[in-house]
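# Descriptive analysis of the structure
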Amino acid sequence: MRFYLISDNSDAKNGMRLAGIEGVVARSAEDVRHALDTVAHTPDIGMVLVTEKISDTYQGILDEARQAQTGPLLVTVPSTGGSDAGKDRITRYVREAIGVKI
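Before going into details, it helps to say that this report is about the structure given with it. As the structure is a computational prediction, the values presented were derived from the model and not from experiment.

## Notes on the pairing of strand β1 (residues 2-7)
Note that β1 and strand β3 (residues 45-51) share five bridges and pair parallel. Paired with R2 across the strands is I45, a residue of β3. Relative to strand β2 (residues 22-25), β1 runs parallel, the two being bridged by four bridges. Counted as the bridge partner of S7 is V25 from β2. In this region the chain leaves β1, passes through helix α1 (residues 10-18) and returns to the parallel neighbour β2; the handedness of that crossover is right-handed.

Below, the structure is given as structure tokens:
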């Protein structure tokens, strides 16, 4: 199983490439669609890492790919500048998931 990256900038792509993960820099909706089509037809790619900025900007396209359930698993990873979720990410996740404020 291989990983693949769909990123919003070349720094993340180059960094992941050093770790052996191939990818593409997507600058438009067409770029994202083309990348998803490519990985859907590559059977040894099991997980696609998508940066937060791409995920936020092209959420509809990614949701369509997730609903199709024919391709690899799509996972959102923090963008180069860090996570937009903030420091209280885990606390907020627990609060939303089970309704307990910690």
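## Brief notes about the sheet that holds β3
With parallel pairing, four strands are arranged side by side in an open sheet as β2-β1-β3-β4. The open sheet terminates on both sides in strands that have one partner only, identified here as β2 and β4 (73-77). Averaged over all neighbouring strand pairs, the angle between strand axes comes to 25 degrees, with direction disregarded. When β3 meets β4, the two strands line up parallel, connected through five bridges. Residue T51 lies in a different strand from β4, and its bridge partner there is V77.

Calculation rules
Residues numbered from 1 in each chain as written. Predicted model: local features only at pLDDT ≥ 70, side-chain atom pairs only at ≥ 80, totals over all residues. Heavy atoms only, no water. Pairing = 2+ DSSP bridges. Helix = DSSP H or I, 4+ residues; strand = E, 2+ residues; numbered from the N terminus. Right-handed = clockwise from strand over helix to strand, strands pointing away. Axes fitted to C-alpha atoms, helices over the stretch in contact; angles between N-to-C directions.

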